[in-house]
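# Observations on the model geometry
Next come the chains, spelled out residue by residue.
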Amino acid sequence: MKQYWQFWLAICLFAALPGFSQERSDSIPMQELEEVVVSDTRFPLKREQSGKTVIRLGAEELAAYRGQTLASVLNQQSGFEISGSRGRPGEVLGVFARGGRGRQVLILLDGLRVSDPSSAAREYDLRLLPIANIASVEILKGASSVLYGANAATAVINIRTKTPDQNPLALSVQGSTGTHNAPSDSRWDLGRFSHFISLGGKQGGWDYKVAFSHDYANGLSSLSTGLEEDPYSNWTLDLNVGHQITERSRLSLFANQTRMKTDFDNSFAGADAPFQYRTDQERAGLMWEWADSLQQIQLIGAYTGFESENQSDFPGRFEGQSLTADLTYKRQIIRGLYGLAGLNFIRDRAELENTEEVTLLDPYVNVVWTDPSGLNLNTGLRLNMHSTYGNKGVYQVNPSYVLRFGRGYLKFMGTLASSYITPSLSQLYGAFGANPDLEPETNRTLEAGAELRLDSEIRFSLVHFSRREENTVQFNNADFVYFNAGETIRVRGLEAELYWKWRPDTQFSVNYTFTEREGGNAIRIPKHKVNFSAQARLSDKIRATARYSYTGKRTDTDFTTFTPVELRGFSLVDLRLDYTFVPDRLSAFVSIDNALNTEYTEVLGFTTPGRNVTLGWSLKL
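This one's a predicted model, so the numbers in the text were calculated from it and none came from an experiment. (Residues numbered from 1 in each chain as written. Predicted model: local features only at pLDDT ≥ 70, side-chain atom pairs only at ≥ 80, totals over all residues. Heavy atoms only, no water.)

## Here's the deal with the sheet that holds strand β9 (residues 155-161)
The pairing of strands in a sheet happens through backbone hydrogen bonds and is either parallel or antiparallel. Taken in spatial order, the five strands of this open sheet run β3-β8-β9-β6-β7, and their pairing is mixed. If you trace the sheet from one side to the other, it starts and ends with β3 (55-57) and β7 (112-113), each paired once. Here β3 pairs with strand β8 (residues 134-141) via three bridges, running antiparallel. Within β8, the position partnered with I55 by the bridge is I139. (Pairing = 2+ DSSP bridges. Helix = DSSP H or I, 4+ residues; strand = E, 2+ residues; numbered from the N terminus.)

## Some details on the pattern of salt bridges
Within the structure shown, the criterion is met by 37 salt bridges. With a shortest N-O distance of 3.2 Å, E495 and K141 are connected by a salt bridge. Taken together, the positions of E495 in strand β27 (residues 489-503) and K141 in strand β8 put the pair 354 residues apart, joining distant regions of the chain. Shared partners join several salt bridges into a network, and the residues in it are R259, R278, D280, E307, E309, R317 and E319. (Salt bridge = Lys/Arg side-chain N within 4 Å of Asp/Glu carboxyl O.)

## Thoughts on the packing of aromatic side chains
According to the stated counting rule, one finds twelve aromatic pairs in the structure shown. Judged by centre distance (5.2 Å) and plane angle (85°), the ring pair of F475 and F480 falls under edge-to-face. By relative accessible area, F475 is classed as partly exposed at 29%. One aromatic cluster is present, built from ring pairs that chain together F475, F480 and Y482. One cation-aromatic arrangement involves R101 over F96; the distance from NZ or CZ to the ring centre is 4.2 Å. (Phe/Tyr/Trp six-rings, centres within 6.5 Å; stacked < 30°, edge-to-face > 60°. Buried < 20%, exposed > 50% of the residue type's maximum accessible area, 1.4 Å probe, protein only. Lys NZ or Arg CZ within 6 Å of the ring centre and 35° of its normal.)

## Observations concerning the confidence of the model for the chain
In the predicted model, the chain carries a mean pLDDT of 90, and 95% of its residues have values of at least 70. Per-residue pLDDT stays below 50 along residues 1-33; that stretch engages in 45 contacts with residues further than four places along the chain or on separate chains. (pLDDT = per-residue confidence, 0-100. Contact = heavy atoms within 4.5 Å.)

Right, dumping it as structure tokens:
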């Protein structure tokens, strides 16, 4: 019952806050702009016209998470469980959406897929993305392979980085530092440090931005039984240059370099060890677009190189390169009818036992219809042309119907969609359990739900989903080899979200996720999960935030014996105060993570932090 009184404690802490919230000095009602979402159709549509419950985190929402990691932010959204996000920085992350695995989640960075072709499952490491340089995140759940290609089976995370300021010269600096202790440690030594600086601007049709970030953490051992500290460090350098060629066309160039290094222990033996993992990422690309009032042509391309080294009892050096390009033509055909045609190219290469390469060329089309009667339809087809596995088609049909009343609406929506996941180069040809006879995995998702919005202040949504996996690629620990599962894996679940803004500067949100998986290895996926957040402005300068999260019991594997272990559910409470010295210029915050100093297990055998305090600040010039 401890989890429940912690939940009610978090609510009670904020029950009185609206009374402290100051009213506006004038009596003119403020009309909010309608929320616009893009990811589910690739057209900017009002939320009521979307057939999905897209989660959008803009600049204001992300500012409330300053001092946290991107993985921690995603872990607090419905439908997601990211194991390792609550633990010591540098731990391996497991990204599970709607009961799936990391290979079924696609990451988009500024419109292009990013993934490491040398990794075991062709996943992208979220530790390489500093949250300080992110402008917005849109989360689209469900099969989305028509618009985004292979691997978009359970979710697409669409990340947009910050663009240059409108002024000729603008400087942004952020920093934070805090403690980094276990629940049993009462020291107040500083163990976490984060810094970010960005310089950019626009003038004469040109724009530019240079950004640098650095994160460092020490003070905790990787293992819960470990005695030696395992440090983590990460730095990122970004460069962007853009030019408005004509009134209708624009060209942008970008480059990135990221280096991460983390120490870790021997989890198989459950003992301290001088192990270390490092990875380097280099990325360069361009975006060209031409647009008028009815149509748009866009070309995005990037080359990404990865070089990683694992120094452990199973040492290895991994190199991978990915060349990605996406050409799209979008047009408003008639009023309310929009069409998109695209061609996506991917060439993945990995240095394994030999140099291995695969190429994908995908043409795709999608149509969006929004009728004044309230009926909307989003549908499309994609042909996946794989150099090894031949051709495979995927589809989506996503209708919705809106009943409008006053400033609100009631929306009913449904989706039937398929996705396609080909084995990674490492699974086919790598040194650890490779199987060149693997077949592609197929996914089919069926979902139905409703969303209610009242007077722009209250929004509630409820979505039921059912997903079927066939030919799922799994790993046999006994035979040490990848194989296709003979059984069909079925996942069903329910996602509920409530957002309530009961005063101009006071808001409340809660989400609940139920996930049930039949078949396959479903380690670290809770059946029940709840996230609660409340924010209130105590004065013109002070804003308070409280967050509560409950993660239900789940099964993990003891890798010393390869036996299943059930982990107990746990609850966490986080508190935060933001203080504004100069609006839009200078601000600071203090946060208390795991405020009740709860002892819990997130991943079997690994350390989790206790109560820790972080101080941070932000300056814009």
